[in-house]
Amino acid sequence: MKRLALLAAFLPQAAAAQDFATDSYACDRGVVVPATYVNGPDLSLVVIQVEGRQITLVNEPAASGARYGWPSDGSGYVWWTKGDEATLYWKTPADEVPLLTCRAG
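Residues numbered from 1 in each chain as written. Predicted model: local features only at pLDDT ≥ 70, side-chain atom pairs only at ≥ 80, totals over all residues. Heavy atoms only, no water.

Novice: Honestly, the sheet that holds strand β5 (residues 66–69) in this entry has me stumped. Any pointers?
Specialist: Think of a sheet as strands paired side by side through backbone hydrogen bonds, with each pair either parallel or antiparallel. Sheet architecture is closed into a barrel: eight strands sit in the order β1-β2-β3-β4-β5-β6-β7-β8, paired in antiparallel fashion. Strand-to-strand twist of the sheet, defined as the mean angle between neighbouring strand axes without regard to direction, takes the value 30°. Bridge count between strand β4 (residues 53–60) and β5: three bridges; the pairing is antiparallel. When the bridges of β5 are listed, Glu-60 appears paired with Arg-67. (Pairing = 2+ DSSP bridges. Helix = DSSP H or I, 4+ residues; strand = E, 2+ residues; numbered from the N terminus. Axes fitted to C-alpha atoms, helices over the stretch in contact; angles between N-to-C directions.)

Written out as structure tokens, the structure reads:
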């Protein structure tokens, strides 16, 4: 429910800003991850497609690169990009496990 509220609040901003970028990443095991980045004045997000699933993640603070996750204390995906490299993680309250290592192109 929180996810829907956050997305609903962001959609008018995204439509007004219209700052969209798309990329495709070649990953481990032959997996291809299309990504659409949406940057608004107050919030940025990425929508990725991973093995038949669509995942929406919001920008989080990062020391380097761009990190996207879902704001919760529970488990969830994290997409972290730096340059043309990206990593998909599964985050638990105790750890982050890398699932895919990817390169744009």
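Novice: Explain the environment of Ala-35 to me, please; I cannot follow it from the model alone.
Specialist: Tracing the backbone through its elements, the reader meets Ala-35 in strand β2 (residues 32–39). Taking the relative accessible area as the measure of exposure, Ala-35 reaches 1% and is therefore buried. If near-sequence neighbours (up to four positions away) are discounted, Ala-35 is found in contact with Ala-21, Thr-22, Asp-23, Tyr-25, Val-46, Val-47 and Ile-48. (Buried < 20%, exposed > 50% of the residue type's maximum accessible area, 1.4 Å probe, protein only. Contact = heavy atoms within 4.5 Å.)

Novice: Help me understand the pairing of strand β6 (residues 76–82) in this model?
Specialist: A regular strand places its side chains so that they alternate between the two faces of the sheet. Taken across its seven residues, β6 has five buried, putting it largely inside the fold. Taking the residues that link successive antiparallel strands as the turn, the β5-β6 hairpin has six residues. Alignment of β6 against strand β7 (residues 85–91), held across seven bridges, turns out to be antiparallel. Note that in β7 the partner of Thr-81 across the bridge is Ala-86. Linking β6 back to β7 in an antiparallel pair, the connection comprises two residues, with Gly-83 at a positive phi of about 65°.

Novice: It is not clear to me how the side chain of Lys-91 should be interpreted in this structure. Could you clarify?
Specialist: With respect to the element layout, Lys-91 can be found in strand β7. Among buried charged residues, Lys-91 stands out as having no salt bridge; its nearest opposite-charge side chain is Glu-60, 4.5 Å away. Beyond its immediate chain neighbours, meaning those up to four positions away, Lys-91 contacts Arg-67, Ser-72, Gly-74, Ser-75, Gly-76, Val-78 and Glu-96. (Lys, Arg positive; Asp, Glu negative; His and termini not counted. Salt bridge = Lys/Arg side-chain N within 4 Å of Asp/Glu carboxyl O.)

Novice: What's the story with the packing of aromatic side chains in this structure? I'm lost.
Specialist: This model, assessed by the stated rule, comprises three aromatic pairs. Measuring from centroid to centroid gives 5.1 Å for Tyr-25 and Trp-79, while their planes differ by 85°, and the two rings are edge-to-face. Residue Tyr-25 is found in strand β1 (residues 20–27), and its partner Trp-79 is found in strand β6; the two are separated by 54 residues along the sequence. For Trp-79, a relative accessible area of 0% translates into the label buried. Where Tyr-37 meets Tyr-68, the ring centres are 5.7 Å apart and the plane angle is 50°; that geometry is what we call tilted. With Tyr-37 in strand β2 and Tyr-68 in strand β5, this pair connects stretches of sequence that are 31 residues apart. You can call Tyr-37 buried: its relative accessible area is 11%. (Phe/Tyr/Trp six-rings, centres within 6.5 Å; stacked < 30°, edge-to-face > 60°.)

Novice: Could you clarify how one ought to interpret a nonpolar patch on the surface in this entry?
Specialist: A cluster of nonpolar side chains, contributed by Trp-90, Val-97 and Leu-99, occupies part of the molecular surface with about 230 Å² of accessible area. The residue Val-97 is located in strand β8 (residues 96–104) in this model. For Val-97, a relative accessible area of 40% corresponds to the partly exposed category. (Patch = residues over 30% accessible without salt bridge, like charges linked within 9 Å, V, L, I, M, F, W, Y side chains within 5 Å. Areas by Shrake-Rupley, 256 points an atom, 1.4 Å probe, with all protein chains shown as cover.)

So yeah, pure geometry; function would need other evidence.
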